[in-house]
Structures are given as structure tokens and as C-alpha cells.
Amino acid sequence: NAGVTQTPKFQVLKTGQSMTLQCAQDMNHEYMSWYRQDPGMGLRLIHYSVGAGITDQGEVPNGYNVSRSTTEDFPLRLLSAAPSQTSVYFCASSHGQGGEKLFFGSGTQLSVL
Amino acid sequence: EDKVVQSPLSLVVHEGDTVTLNCSYEVTNFRSLLWYKQEKKAPTFLFMLTSSGIEKKSGRLSSILDKKELFSILNITATQTGDSAVYLCAGSGGGATNKLIFGTGTLLAVQP
């Protein structure tokens with residue numbers, strides 16, 4: 001049972017480049033989300049989804065796009081990378097739509113130069 | 001604005017000590033308080049508390065919630081080096097769909 005799988009683990013981008021962070025879960029969880037973690041800021045919610053075809057914005061959505069075409073996958077797209085998006089990104093999922101008892105992926109360390 | 005504040009920011013203890021980590025919260029439409037442990041990578045779930053005054057326990061870890069005073073504590077007894085981690089507190093609230101508001105965490109270092 002893999003749980004929540006994120007790829008890549010590390011990524012370096014140049015300003016203005018775009019990329020997609022992949023997230024997949026095999027627990028049949030309805031709720032999936034993306035967080036970013038910055039020193040001194042705690043985990044902040046970027047976007048979340050309560051089921052296939054349903055997404056909504058979190059606390060810091062600007063510069064990011066998501067879609068949820070299947071229950072398993074929830075990719076995060078950076079449209080035009082900026083140095084302010086340098087961070088560690090976590091995908092997380094939970095059973096039901098509550099988004100409380102989260103299972104986290106192992107994270108993606110992203111650097112934007 | 002919703003916020004969760006944890007204290008202390010960090011602490012260093014010796015094996016066998018007992019520690020208490022604090023979490024205060026102001027979360028709109030509060031539903032639950034959660035604790036996570038973050039070692040090198042992903043946070044892992046520890047406890048979810050929804051009712052005041054009821055202690056949750058798992059081995060040497062325990063936690064309690066005070067909904068009147070808007071805080072929670074996480075206790076770790078007989079600490080071990082494997083308890084070294086960042087402990088995250090999060091408040092759950094919001095509208096139809098819960099959102100977690102995380103604190104910045106307490107870094108615990110347990111020395112042998």
C-alpha cells in the first residue's frame with residue numbers, strides 16, 4: 001500500500017518556467033490537498049478537492065492551478081514560476097470530505113532561481 | 001483572521017524527561033484540534049480532539065483540549081531520542097469543507 005505518492009522529490013526551475021507536481025493516492029480518499037511549508041510560516045493550504053471534478057482555493061492559491069479528473073490524482077501546476085514559490089510542497093489526502101486526519105506525501109523541495 | 005500559535009518554538013531535553021507542548025487557537029467555526037509529528041519529511045497524524053476535557057492517549061503521548069480557553073497541550077512522558085521532531089498543531093474549521101490552520105510547530109530535541 002503506497003499511500004500518497006509525490007513526484008518529483010526535488011526540482012530546480014528558472015523564473016518563468018512552468019511545471020507540474022504530481023500527486024497520487026491509492027486509499028480511495030475523497031479529499032486531497034496541496035500545502036506549502038516555509039520556514040517560520042507553517043503549512044499553508046494552496047488548493048484542495050473534495051472529489052473528482054471539484055476543486056477550491058485555499059489560503060495561498062495565486063500562481064498555482066489544480067484539477068481533479070480522477071479520485072486518485074491531484075496534480076499541482078505552477079504556471080510561471082517565481083522565486084517566492086521556492087518552498088517544500090506537500091500533497092495530502094483524507095477519507096471523507098473533512099480534510100482533518102491527513103495522510104501526507106513525502107514532499108517536493110522546489111527551488112526557483 | 002484564523003491563527004494557531006504554538007509554544008515554545010523549540011526545546012532541548014534529556015532522555016527520560018517529560019515535556020509539555022502548547023497550542024492556542026482562534027479558528028472560525030472551530031471543529032477539531034489536531035496534532036502531527038514531523039520528522040525528516042512528511043507530517044504524520046497523532047491525535048484529533050473535538051471535545052473539551054477528554055484526554056487522548058497513545059503510549060507515552062497524551063493530549064487534551066480546552067475549548068473554553070481555546071488551547072491544547074501535548075504531553076510526552078519518558079522522552080526518547082526517537083521523539084525528536086517538529087510537533088505541529090492545527091485547528092480545523094471553516095464552512096462546509098474543513099480547512100486546517102497550522103501553527104509553525106515546536107522543535108523538540110531529545111538528547112541521550
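This text goes with the structure placed above it.
Residues numbered from 1 in each chain as written. Chains lettered and ligands numbered in written order. Predicted model: local features only at pLDDT ≥ 70, side-chain atom pairs only at ≥ 80, totals over all residues. Heavy atoms only, no water.

The helix and strand tally for chain A stands at zero helices and 11 strands. Helices and strands appear in chain A in the N-to-C order β-β-β-β-β-β-β-β-β-β-β. Rg of the C-alpha trace for chain A: 13 Å, near the compact-globule value of 13 Å for 113 residues, within the 12% margin. Over its C-alpha atoms, taken along the principal directions, chain A stretches across nearly 40 × 25 × 25 Å. Within chain A, the fraction of its 113 residues that count as buried is 50%. Restricting the contact set of chain A to residue pairs at least 6 apart, pairs at least 24 apart contribute 53%. Roughly 5,100 Å² of accessible area belongs to chain A as shown, and the carbon and sulfur atoms make up 52% of that amount. (Helix = DSSP H or I, 4+ residues; strand = E, 2+ residues; numbered from the N terminus. Rg over C-alpha atoms; globule rule 2.2 N^0.38 Å. Buried < 20%, exposed > 50% of the residue type's maximum accessible area, 1.4 Å probe, protein only. Contact = heavy atoms within 4.5 Å. Areas by Shrake-Rupley, 256 points an atom, 1.4 Å probe, with all protein chains shown as cover.)

A word on the layout of surface pockets. Its volume calculated, the largest pocket comes out at about 310 Å³. The wall of the largest pocket is formed by 16 residues, among which Met 41 and Glu 59 of chain A together with Asp 2, Ile 101 and Phe 102 of chain B lie closest to the centre. Every element with two or more residues in the lining of the largest pocket is listed here: strand 5 (42-51) of chain A together with strand 1 (3-7) and strand 10 (98-102) of chain B. Of the residues in the lining of the largest pocket, the class split is eight nonpolar, three polar and five charged. The calculated volume of the second largest pocket comes to roughly 250 Å³. (1 Å grid on protein atoms, 1.4 Å probe; cavity = no way out; pocket = protein on both sides within 12 Å on 5 of 7 lines; lining within 4 Å. Points joined across faces, edges and corners; volume = space filled by probe spheres on them. Nonpolar A, V, L, I, M, F, W, Y, C, P; charged D, E, K, R; others polar.)

This part takes up unusual backbone geometry. The linkage connecting Thr 7 of chain A with the following residue, Pro 8 of chain A, adopts the cis geometry, with an omega of -5°. Looking at where Pro 8 of chain A falls in the secondary structure, it is placed in the loop between strand 1 (4-7) and strand 2 (10-13). In this structure, Leu 70 of chain B takes a positive phi of about 60° despite not being glycine. Considering the arrangement of structural elements, one finds Leu 70 of chain B in the loop between strand 7 (61-66) and strand 8 (71-76). Note on Leu 70 of chain B: relative accessible area 33%, which makes it partly exposed. Not every positive phi belongs to a glycine, and Ala 78 of chain B is a case in point at roughly 45°.

Below, the discussion takes up the state of the cysteines. By definition, a disulfide links the sulfur atoms of two cysteine residues through a covalent bond. Counted according to the given criterion, the structure contains two disulfides over all chains. The residue that forms a disulfide with Cys 23 of chain A is Cys 91 of chain A, at a sulfur-sulfur distance of 1.8 Å. Negative torsions about the S-S bond denote left-handed disulfides, and the value of about -70° found for Cys 23 of chain A with Cys 91 of chain A makes this one left-handed. Taken together, the residues Cys 23 of chain A in strand 3 (residues 19-25) and Cys 91 of chain A in strand 9 (residues 87-94) connect sequence positions 68 residues apart. Taking relative accessible area as the criterion, Cys 91 of chain A reaches 0% and is therefore assigned buried. Across the disulfide, Cys 23 of chain B is cross-linked to Cys 89 of chain B (sulfur-sulfur distance 1.8 Å). Taking the sign of the torsion about the S-S bond as the criterion, the disulfide between Cys 23 of chain B and Cys 89 of chain B, at about -65°, is left-handed. You can see Cys 23 of chain B sitting in strand 3 (residues 19-26) and its partner Cys 89 of chain B sitting in strand 9 (residues 85-94), a full 66 residues away along the chain. The pair Cys 23 of chain B / Cys 89 of chain B is uniform in exposure class, with both members buried. (Disulfide = S-S within 2.5 Å.)

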